[in-house]
Amino acid sequence: MMHNIIVKELIVTFFLGITVVMEPALEGTGKEGKKVSSRKRTLAEPPAKGLLQPVKLSRAELYKEPTNEELNRLRETESLFHSSLLRLQVEELLKEVRLSEKKKDRIDAFLREVNQRVVRVPSVPETELTDQAWLPAGVRVPLHQVPYAVKGCFRFLPPAQVTVVGSYLLGTCIRPDINVDVALTMPREILQDKDGLNQRYFRKRALYLAHLAHHLAKDPLFGSVCFSYTNGCHLKPSLLLRPRGKDECLVTVRLHPCPPPDFFRPCRLLPTKNNVRSAWYRGQSPAGDGSPEPPTPHYNTWVLQDTVLESHLQLLSTILSSAQGLKDGVALLKVWLQQRELDKGRGGFTGFLVSMLVVFLVSTRKIHTTMSGYQVLRSVLQFLATTDLTVNGISLCRSSDPSLPALADFHQAFSVVFLDSSGRLNLCADVTASTYHQVQHEARLSMMLLDSRADDGFQLLLMTPKPMIRAFDHVLHLYPLSRLQAACHRLKLWPELQDNGGDYVSAALGPLTTLLEQGLGARLNLLAHSRSPVPEWDISQDPPKHKDSGTLTLGLLLRPEGLTSVLELGPEADQPEAAKFRQFWGSRSELRRFQDGAIREAVVWEAASMSQKRLIPHQVVTHLLALHADIPETCVHYVGGPLDALIQGLKETSSTGEEALAVAVRCYDDLSRLLWGLEGLPLTVSAVQGAHPVLRYTEVFPPTPVRPASSFYEPLRERSSLLPRLNKPCPAYVEPMTVVCHLEGSGQWPQDAEAVQRVRAAFQLRLAELLTQQHGLQCRATATHTDVLKDGFVFRIHVAYQREPQILKEVQSPEGMISLRDTPASLRLERDTRQLPLLTSALHGLQQQHPAFSGVARLAKRWVRAQLLGEGFTDESLDLVAAALFLHPEPFTPPSSPQVGFLRFLFLVSTFDWKNNPLIVNLNNELTVEEQVEIRSGFLAARAQLPVMVIVTPQDRKNSVWTQNGPSAQILQQLVILAAEALPMLEKQLMDPWGPGDIRTVFRPPLDIYDVLIRLSPRHIPRHRQAVDSPAASFCRGLLSQPGPSSLMPVLGYDPPQLYLTQLREAFGDLALFFYDQHGGEVIGVLWKPTSFQPQPFKASSTKGRMVMSRGGELVMVPNVEAILEDFAVLGEGLVQTVEARSERWTV
Amino acid sequence: MVARRRKRAARDPEDRIPSPLGYAAIPIKFSEKQQASHYLYVRAHSVRQGTKSTWPQKRTLFVLNVPPYCTEESLSRLLSSCGPLQSVELQEKPDLADSPKESRSKFFHPKPVPGFRVGYVVFQKPSGVSAALALQGPLLVSTESHPVKTGIHKWISDYADSVPDPEALRVEVDTFMEAYDQKIAEEEAKAKEEEGVPDEEGWVKVTRRGRRPVLPRTEAASLRVLERERRKRTRKELLNFYAWQHRESKMEHLAQLRKKFEEDKQRIELLRAQRKFRPY
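Residues numbered from 1 in each chain as written. Chains lettered and ligands numbered in written order. Predicted model: local features only at pLDDT ≥ 70, side-chain atom pairs only at ≥ 80, totals over all residues. Heavy atoms only, no water.

As named in UniProt, chain B is Ribosomal RNA-processing protein 7 homolog A, taken from Pongo abelii. Under the UniProt heading Subunit, the note attached to chain B is "Part of the small subunit (SSU) processome, composed of more than 70 proteins and the RNA chaperone small nucleolar RNA (snoRNA) U3. Interacts with NOL6; required for NOL6 localization to nucleolus." The record held by UniProt for chain B lists under Sequence similarities the comment "Belongs to the RRP7 family." (UniProt positions renumbered as here; feature names shortened; annotations may be inferred.)

As recorded in an unreviewed UniProt entry, chain A goes by Nucleolar protein 6 and comes from Pongo abelii. Per its UniProt entry, chain A bears the Sequence similarities (unreviewed entry) comment "Belongs to the NRAP family."

Here we come to unusual backbone geometry. Residues and elements named next belong to chain A. Residue Pro480 follows Tyr479 across a cis peptide bond; omega there is 0°. Within the element layout of this structure, Pro480 appears in the loop between strand E10 (474-478) and helix H20 (483-490). The residue Arg365 is not glycine, and still its phi comes out positive at about 65°. Mapped onto the fold, Arg365 is located in the loop between helix H14 (351-363) and helix H15 (373-386). (Helix = DSSP H or I, 4+ residues; strand = E, 2+ residues; numbered from the N terminus.)

Let us now look at the packing of aromatic side chains. Residues and elements named next belong to chain A. All told, the structure shown has 38 aromatic pairs over all chains when counted by the stated rule. Taking 5.4 Å as the distance between ring centres and 55° as the angle between the ring planes, the aromatic pair formed by Tyr201 and Phe202 counts as tilted. Residues Tyr201 and Phe202 agree in their burial class; the two are buried. With 5.4 Å between their ring centres and 85° between their planes, Phe202 and Tyr299 make a pair best called edge-to-face. (Phe/Tyr/Trp six-rings, centres within 6.5 Å; stacked < 30°, edge-to-face > 60°. Buried < 20%, exposed > 50% of the residue type's maximum accessible area, 1.4 Å probe, protein only.)

Attention shifts here to the packing of helix H13 (residues 324-339) of chain A against H15(A). Residue and element names in this part refer to chain A. Following both chains from N to C, one finds H13 and H15 inclined at 55°, their axes separated by 7 Å at the closest point. Classified by the angle between their axes, H13 and H15 sit oblique to one another. Taken as a pair, H13 and H15 cross one another with a handedness that is right-handed. In this structure, H13 uses Gly325, Leu326, Asp328, Gly329, Leu332, Leu333 and Trp336 to contact H15, whose residues at the interface are Gly373, Tyr374, Val376, Leu377, Val380 and Leu381. (Axes fitted to C-alpha atoms, helices over the stretch in contact; angles between N-to-C directions. Parallel < 35°, antiparallel > 145°, perpendicular 65-115°, else oblique. Left-handed = near helix turned anticlockwise from the far one by under 90°. Contact = heavy atoms within 4.5 Å.)

Backbone hydrogen bonds are what pair the strands of a sheet, in a parallel or an antiparallel way. Residue and element names in this part refer to chain A. The sheet built from six strands is open, its strands ordered E3-E4-E7-E6-E5-E12 with mixed pairing. At either margin of the open sheet sits one strand with a lone partner, and together these are strand E3 (161-165) and strand E12 (536-538). In this sheet, neighbouring strand axes are inclined to one another by 35° on average, regardless of whether the strands run parallel or antiparallel. Both strand E6 (residues 233-243) and strand E7 (residues 251-258) contribute to a ladder of three bridges, which runs antiparallel. Each bridged residue has a counterpart across the sheet, and for Leu239 the counterpart in E7 is Leu255. Across the sheet, helix H7 (residues 101-119) touches E3, strand E4 (178-185), strand E5 (222-230), E6 and E7, and the angle it forms with E7 is around 35°. Contacts from helix H12 (residues 309-320) reach E3, E4 and E7 within the one sheet, and its direction differs from that of E3 by about 40°. (Pairing = 2+ DSSP bridges.)

Here the focus is the sheet that holds strand E29 (residues 1012-1016) of chain A. Residue and element names in this part refer to chain A. Ordered by their spatial adjacency, four strands build an open sheet running E30-E31-E29-E34, and the pairing between neighbours is antiparallel. Edge positions in the open sheet fall to strand E30 (1072-1075) and strand E34 (1136-1141), since each of these has one partner strand only. Pairwise comparison of adjacent strand axes, ignoring direction, gives a mean angle of 20° for this sheet. In terms of strand pairing, E29 meets E34 through five bridges, oriented antiparallel. Within the sheet, the bridge partner assigned to Leu1013 lies in E34 and is Glu1140. This element, helix H36 (residues 1121-1131), spans E29, E30, strand E31 (1083-1088) and E34 of the sheet and lies at about 155° to E34.

Before going further, it helps to examine empty space enclosed by the protein. All names here are of chain A. Taken as a whole and assessed by the stated rule, the structure comprises nine cavities of 30 Å³ or more. Its volume calculated, the second largest cavity comes out at about 60 Å³. Every residue along the wall of the second largest cavity is listed here: Pro560, Leu563, Met610, Arg614, His850, Pro851, Ala852, Pro895 and Ser896. Across the lining of the second largest cavity, the residue classes tally to six nonpolar, two polar and one charged. Mapped onto the domain boundaries, the lining of the second largest cavity takes at least three residues apiece from domain 3 (476-566 + 605-640) and domain 4 (658-763 + 789-991). (1 Å grid on protein atoms, 1.4 Å probe; cavity = no way out; pocket = protein on both sides within 12 Å on 5 of 7 lines; lining within 4 Å. Points joined across faces, edges and corners; volume = space filled by probe spheres on them. Nonpolar A, V, L, I, M, F, W, Y, C, P; charged D, E, K, R; others polar. Domains from an automatic or database assignment.)

This part covers the UniProt feature "domain: Nrap protein" (unreviewed entry) in chain A. All names here are of chain A. Sites flagged by UniProt as "domain: Nrap protein" (unreviewed entry) map to residues 180-320, 326-464, 470-629, 644-848, 850-1005 and 1007-1139. Between the end C-alpha atoms of residues 470-629 the distance is 28 Å, and the span holds 38% helix and 23% strand. This span, residues 850-1005, is 49% helix and 3% strand, and a straight line between its end C-alpha atoms measures 30 Å.

Now for the environment of His1024(A). All names here are of chain A. In this structure, His1024 sits in the loop between E29 and helix H35 (1056-1068). On the basis of relative accessibility, which here comes to 4%, the residue His1024 falls in the buried class. Along the sequence, His1024 and Tyr733 sit 291 residues apart, while their C-alpha atoms lie 10.0 Å from each other. If we ignore the near neighbours within four places in the chain, the residues touching His1024 are Pro1018, Pro1031, Ser1034, Arg1037, Gly1080 and Glu1082. Side chain to side chain, His1024 and Glu1082 meet in a polar contact 3.0 Å long. (Polar contact = N/O pair within 3.5 Å; in protein donor to acceptor, adjacent residues only side chain to side chain.)

In structure tokens, the structure reads:
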């Protein structure tokens, strides 16, 4: 529980006098003493470092004559970059990822050493390939030799040539993992004719490496010597060498043996040719009837790749070395790919591929050598976004040699086609169609981001990681992978297996993704798969088996419009396609007659609620995989809704509450119609607006219709209300939903605040009367609101007068001039009657656009409250943060499932720089780019006066009303820390193929940071059943399952823990902080404020709860902790079970 | 001051509860069951010469640190042993200036949740104050005979109290509005009387209600007038007409760029300090 200790220390430090300024997370424990003394100063002085200041330049500096250099730079920035900020950011990033000269020298020295040692490895006499007895004991052949028998002889001779190839020489390699590729040209004597056949070349290559590895491993120069695969291709091992000592992490040298130039005849390695004979591979000839051998395009490509290492290097270096901008562009593209996890693993879109793409674009004149790195990045993204290489392949080859194969041949054999300059090698041979589509999707998103002129485009484009779990709405793990072997047989993929040398994962991947894409159809935006990581293993071990290469994870990006339907509509029964449809869906397909009279094939999925509809892809995937690929349900681990359980109602297991919220909203709509049509009010109703979280779909637990059991309550007949009873458990918690009802303006309204209040009260009374008379609703009026019971829901109607805030603001100056000044009362009224309804309707609209909004906002709120921090944050501020995830999803797409939305909420909270940025939530897209810039600069100028957390909306551009009264810097910092801890934990759980385990772990708060724990009795916690760990049994709360006869007003807003907390905060607010989870928390955490525990001199105004003590002859005041602890129990009599004092920190 | 305090502390016998200068400390507990106690710090109410106070001098006891569960009734019960009481009032803060107490409506100004408060206890005779100063305690707020409700008991009775009586509310609103309407009518009548009648220096007051209404004297109205003036002026102005205007606008543009550049540099500096350029 290390993290808790850290958290605690931080809390302690934070109380020691930080005002607006938040310190970076793990700093400051050493500075405590200083901070205490400097508390006053931090208020007056400009805030400490880490805070942006408005720039002040003198007139002379601003208007001096520009130098030539300056003008040039400005012009360059204007033409080559988007803005000066972007230019600086790009320069900074490149500085960070580029290799320094000093390190380059060290790497060069290491390479020279490697070269010397490699050429000195002793040779071995010739033996049969199958006779491997000569291999020394400590090394194993890094290749699965299946089938083992193969013709040919092998001998080891030192390489004829050692060449450095790849990005290291080009200067486009980026930190942190620097790889240097070294090609070892095997002498011609080792190879024989026909070595291209039946993996003979690869066997020799592996043996060559094995012998090399054995000798190099003995050398003290190397820190580690191990095997890996080149680009994940399991027929092509490579040897990894790392220096010993402190440079071990600096560089990895990868040795790739390759054949002598012109050894293989290219015409034999065309994609249509076969080089792995069925007779050898399967021990039988294909089908026996003399049908042609299946082509082995991938196998051929892997052989070809080894022959062109040098020519590729030459091509790249002639183009790239001429222009720094191109190199920068390649480096940026590599960072871009790496952030999106696109370049790693088998079949990734590697840095080498983008370098070649840059070369292609230079050759087609889409990129010019004078372009800046940013422009190169942009051009490549633009190209990727608009070109589909799965349909229209491209080629670097300019010759029109008729012997060269046509592009169409390549399209037949490979899913993505990008030919090199020889015209024979497909550079994208291993890239699957879905990987390319993912690249395209990302490029499109990035282009949109760049075009939107967002201020933080750089940050989102190049600095934000997009791991699979956070990028895709749902993910599913296939585990164990050995099931895919059976799937290959079921899908009849023997030729592919032969081509892939037995790698069933790669062979099955393409067909499986196509199958699922077809099945998910309109529900799917994008399907992506993880690329199996490239393993590394010790030279004394056998290479890892295919089934050990982790799990196969698929990511689904859902299309919300497609999710609403439970029906898969097929063709009409008499059409020829019907048979195909039946075959595809198997037993799920059935004939149905539709309302328009058509009889069609159709598949209907079982889903009643929104959350179940979101999980239809789960049903589709398991059904199709079982039907077509023999993968049973137990091997498909679908991660889409484990978090749903946290926002499910008490007795519901099938819905996450969207439906219940919709019922409440419909009831509200009915009520508002009644209000509009009310007859007999002196003034007409001008607007009815909802102002409650339920009415914007963000109440964590939606209200249910109340049907009170009268025996459970004390009836108060003359006021037709129910009261709680002493001898019963606390009744169910009913929170009235606030509705604001504006009345028309009129000259009859008084112009005095007190009088307006009385007139409003009269209207409240009248409203209650009329609603009872005309519609028979149970009503109860008070001076400020009218409670209405309608269909079991309780609404609280506030009558509002448009001009009242203005009346409260009016101040008359001595000269008689009337001016408007904000007062606390006017601000509060404006917030409650104007801004809150606006926000509610805007978020209500957002929910109609993005059905997942409700789930995300509620999960987020649930989590914050479960961490006992709910009091610090208003409902509205958390709703707005959740809304930001939908309105500003960059670099992602708007979430379509609560799960991914919640993960992004945690990410946003843990990474957002609240100190220097306002969170702009552009509701209804009302703010223009210019206005946003203006808001940002206004924010910087007024930072010190603004709250710690600033959220800007189009309706509230300056004040951030929803965060005015909290959170404090400490609470926000605590939230940031908790989110930063929860995110990796949750992601790890969800990415675990063995199932997420206990998903509630991240929702349980750390309790050991509190000084005192007050445990409450569940009997008096009305929302006990809502707790994160819902109790198996709780108390009866006096509700009937059927509508009862009683129509009395139920007990409203009676929540003993909340009443208790209000009392505690009022009495001890300046001594301690109180933390509680309003959703069924059984414990209140108390944290003493260290500042108020300092002994203080006596002051009549601050004696609250303190006592006078004589300390060293001085009379000082200290908190009377023993008495306060007893007060905790006294004030909460009946509710409090125990008061546990856990630390002795008050003994000052 | 410090020296005196020290002397006093030294003079105190061991068992006396330490109390600040001028105050006496009285321990107070909720009931028998509690171990530790809070301390009321009391002294005779006094104000500086010349200032007026709502509370009668000499007869008033000023009480600090009244615990939240101690109501006015229980405080008066506890202090009644010292002498007959006239009134007991608990407040959030000691009142500094002389502020008239208006009777507040219970409908429109609900009682705040009590925390630690200060009290003003007015005895009928000055002897009550001195008797109270000598109290030993510990005082018990809640006893068998006079139990004080806390916790669930209190919240349920508070809830019952909060259920409003609409008739009483209506009566209160009606009386208030009647008085208000009367006041407004009087004011209007007075204004009508003064309408058009010059004062002793000969000035005539012009109001909005007169025959020829004028602009209201509000800040918003005067701002509107200024804005209209400004717009009129800008419409007449020529932009980028003279060579110097051209030059100046160019320079202005350059200055803007410089300022932006400076801002960007600062931003970068900050990001670099936060190590925000490590992509992974």
